[in-house]
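# Secondary and tertiary structure notes
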Amino acid sequence: MTIYDISEKAGVSIATVSRVLNGSRNVSDKTREKVLGIMDRYGYTPNAFARGLGLNTMRTMGIMCADSSDPYLAKAVYYIEQKLRANGYDSLLCCTGYEPEAKAASMNLLITKKVDGIILAGSNFVHDKECENQYIADAAAQIPVMLLNADLDIPNVYSVLSDDLSSMYEATTQVFQSGIRDILYFYNSNSYSGKRKLAGFLDAMKERSVSGADAMVQFYRGSHEDVHAMVDCLKSLHRKGLVFHGVIASDDTLALAALKYAREMNYRIPEDFSVTGYNNSVLTLCCEPELTSIDNKLETLCQHLVSTLLGLLEGREMPKKTVFSGEIIRRGTTRQV
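Below is a summary of the structure that appears in this document. (Residues numbered from 1 in each chain as written. Predicted model: local features only at pLDDT ≥ 70, side-chain atom pairs only at ≥ 80, totals over all residues. Heavy atoms only, no water.)

### Points about the overall build of the protein chain
Counting its regular elements, the protein chain contains eleven helices and twelve strands. Dimensions along the principal axes, computed over C-alpha positions, put the protein chain at roughly 75 × 35 × 35 Å. When the 337 residues of the protein chain are sorted by exposure, 53% land in the buried category. Pairs at least 24 apart in sequence give 72% of the contacts found in the protein chain among residues at least 6 apart. Carbon together with sulfur atoms contributes 48% to the accessible area of the protein chain, which is approximately 15200 Å² in total. (Helix = DSSP H or I, 4+ residues; strand = E, 2+ residues; numbered from the N terminus. Buried < 20%, exposed > 50% of the residue type's maximum accessible area, 1.4 Å probe, protein only. Contact = heavy atoms within 4.5 Å. Areas by Shrake-Rupley, 256 points an atom, 1.4 Å probe, with all protein chains shown as cover.)

Right under this line is the structure:
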């Protein structure tokens, strides 16, 4: 018996069940008695949600991220934790790695710690196969689950994300309009977000009838910290005869590697070679010229995510999915359009 079963049998929304469990006053006495009656009839014990009634609440949230050494994820965890602390909540962090079994084990661990909600920081927690997302559905049957920069249509799972597809489409269009046609897309992730970025690039290239657009896509399989290996990957493409005078990268580290490659090839930047990164991290200011990058509004996403989660715990109706637009921050590595 889960809160979804309770809501179905009582003929009310999951949010209403949550309000009853949290002791909210925004529920009529009749509805409250109906929901509590269903719980009593089926012997439902409100585990984690019972803390909303003031029963041994720990005021603690679980946060999961795959790799805290990744600059994007590290910054996301920082923003989330700061917002939670400002609202009187502590955090438990699990760095899961990328294997599905490890993710499920971390989720179960947080559930046993009686956290009030779970935040999945990063889009690699959502998989293509429905069975591989069951661990999220199982957790959401007990407490709210928040997805940062991913989307999953499961009850009690809420998404806050950046429109990566549109941002990458716009960035590719701008590079194309600046006069560069042979643009390479350099990426290192097949996560939900990674696939959206790739789709945005391909849409922009195919809309302009660029032949062989698929051949201008390069997946980097190495460590996200090994910039020299990234540069070698681009050099290998050049030796194989692939011609490109622009790189759009799925993150700023890959973009810095492209910038280093261009320097070693004696290209003038941006006259001969254009580079665009993604995430608008501090790395964009650590090179000369400074790096054009897409700002995916990470801080705004994290703050809205926490606000949504807190609203749910207060028994308020909150949007299942919120999408923010990114912004291209133009600097010295791209030509003026």
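### Here we look at the side chain of Thr253
Of note, Thr253 is situated in helix α10 (residues 252–264). By relative accessible area, Thr253 is classed as buried at 14%. In contact with Thr253, other than residues within four places in its own chain, are His224, Val227, Met230 and Leu283.

### Quick word on the sheet that holds strand β5 (residues 157–162)
Spatially, β2-β1-β3-β4-β5-β11 is the arrangement adopted by the six strands of the open sheet, whose pairing is parallel. Both edges of this open sheet fall to β2 (90–95) and β11 (321–324), since each of them pairs with a single strand only. Along the sheet, successive strands turn relative to each other by an average axial angle of 15 degrees, direction set aside. As paired strands, strand β1 (residues 60–65) and β2 are joined by six bridges and run parallel to one another. Within β2, the residue paired with Cys65 across the bridge is Cys95. Across the face of the sheet, helix α5 (residues 100–112) comes into contact with β1, β2 and β3 (117–121) while running at roughly 175 degrees to β1. (Pairing = 2+ DSSP bridges. Axes fitted to C-alpha atoms, helices over the stretch in contact; angles between N-to-C directions.)

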